[in-house]
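Summary of structural features
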Amino acid sequence: MAARKKTIEDLSDAELKGKKVLIRCDLNVPLDGKIITDDTRIRRSIPTIEYLRSKGAIVAVCSHLGRPKDGPEDKFSLGPCALRMGELLKTEVKLAPDCIGDEVAEMVSAAG
C-alpha cells in the first residue's frame, strides 16, 4: 500500500521553527517590460510562504522567469516578482544575484 503524500501541514512546529526552508514557486508571470500584467502565480504562493513563516521558518524562494538563450538576460529578471511578493507579504523580499556562489551563501547564512 502506498504511503500518504505529506504536505507542509504534516510538519510540526518544532520541525519548522528556526529552520531554513527552500520552496520552488512558479513565478513565471507575464510581463510588459518590467510591469507584471497578471500576478496570479505570485499571489498563489503567498499562503504557503505565510504558513511557513507563521511557524517560525526562514523561507527562501527559488524560481525562474522565461527561457534565456545565452545566459542571464535583464528582461528575465525576477526583480519585478520580488517587488510584488514583498508588497503582498508586507516585507522586503531580497533578490539574490544568482542561485549559487559566495554572495548567495552569505545571504542565506544571514537570513533569520
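For the structure, check the block above.
Residues numbered from 1 in each chain as written. Predicted model: local features only at pLDDT ≥ 70, side-chain atom pairs only at ≥ 80, totals over all residues. Heavy atoms only, no water.

Observations concerning the environment of A14
If you trace the backbone, A14 turns up in helix 1 (residues 13–16). By relative accessible area, A14 is classed as exposed at 63%. (Helix = DSSP H or I, 4+ residues; strand = E, 2+ residues; numbered from the N terminus. Buried < 20%, exposed > 50% of the residue type's maximum accessible area, 1.4 Å probe, protein only.)

Examining the environment of T91
Relative to the helices and strands, T91 is located in the loop between helix 3 (79–89) and helix 4 (102–110). The class of T91 is partly exposed, set by a relative accessible area of 33%. Here T91 is in contact with R53 and G86, once residues within four sequence places are set aside. (Contact = heavy atoms within 4.5 Å.)

Considerations on the state of the cysteines
Taken as a whole and assessed by the stated rule, the structure comprises 0 disulfides. This cysteine, C62, is not joined by any disulfide, and C25 carries the nearest cysteine sulfur, 7.6 Å off. Look at C62 and you get partly exposed, because its relative accessible area is 31%. Free of any disulfide, C99 has its nearest neighbouring cysteine sulfur in C62, separated by 8.7 Å. (Disulfide = S-S within 2.5 Å.)

Some details on helix 3
Of the residues making up helix 3, those classed as buried are G79, P80, C81, A82, M85, G86 and L89. At the C-terminal side of helix 3, K90 shows a positive phi close to 60°.

Digging into the pairing of strand 1 (residues 20–24)
Across the two faces of strand 1 the burial differs, with V21 and I23 buried and K20, L22 and R24 not buried at all. In terms of strand pairing, strand 1 meets strand 4 (residues 58–62) through 5 bridges, oriented parallel. Each bridged residue has a counterpart across the sheet, and for K20 the counterpart in strand 4 is I58. (Pairing = 2+ DSSP bridges.)

Focus: the nonpolar core
Of all hydrophobic cores here, the largest spans 15 residues; its most connected members are V21, I23, L27, I42, L52 and M85. Only strand 1, helix 2 (40–54) and helix 3 provide two or more residues apiece to this core. Top contributing element to this core by residue count: helix 2, with 4 residues. Filtering out sequence-adjacent residues up to four positions away, L27 remains in contact with R41, I42, S45, V61, S63, H64, L65, L78, C81 and M85. (Core = buried A, V, L, I, M, F, W, Y, C linked by side-chain atoms within 4.5 Å.)

Overview of the side chain of S45
Among the structural elements, S45 can be located in helix 2. If we ignore the near neighbours within four places in the chain, the residues touching S45 are C25, L27 and M85.

Description of the packing of helix 2 against helix 3
Two packed helices can be described by the angle between their axes and the distance between those axes. Their axes nearest at 10 Å, the elements helix 2 and helix 3 cross at an angle of 55°. Classed by the angle they form, the pair helix 2 and helix 3 counts as oblique. Note that helix 2 runs across helix 3; the crossing there is right-handed. Between helix 2, through I42, R43, S45, I46, I49, E50 and R53, and helix 3, the contact on the second element is made entirely by C81, R84, M85, L88 and L89. Residues belonging to the contact of helix 2 with helix 3 are distributed by class as follows: 7 nonpolar, 1 polar and 4 charged. (Axes fitted to C-alpha atoms, helices over the stretch in contact; angles between N-to-C directions. Parallel < 35°, antiparallel > 145°, perpendicular 65-115°, else oblique. Left-handed = near helix turned anticlockwise from the far one by under 90°. Nonpolar A, V, L, I, M, F, W, Y, C, P; charged D, E, K, R; others polar.)

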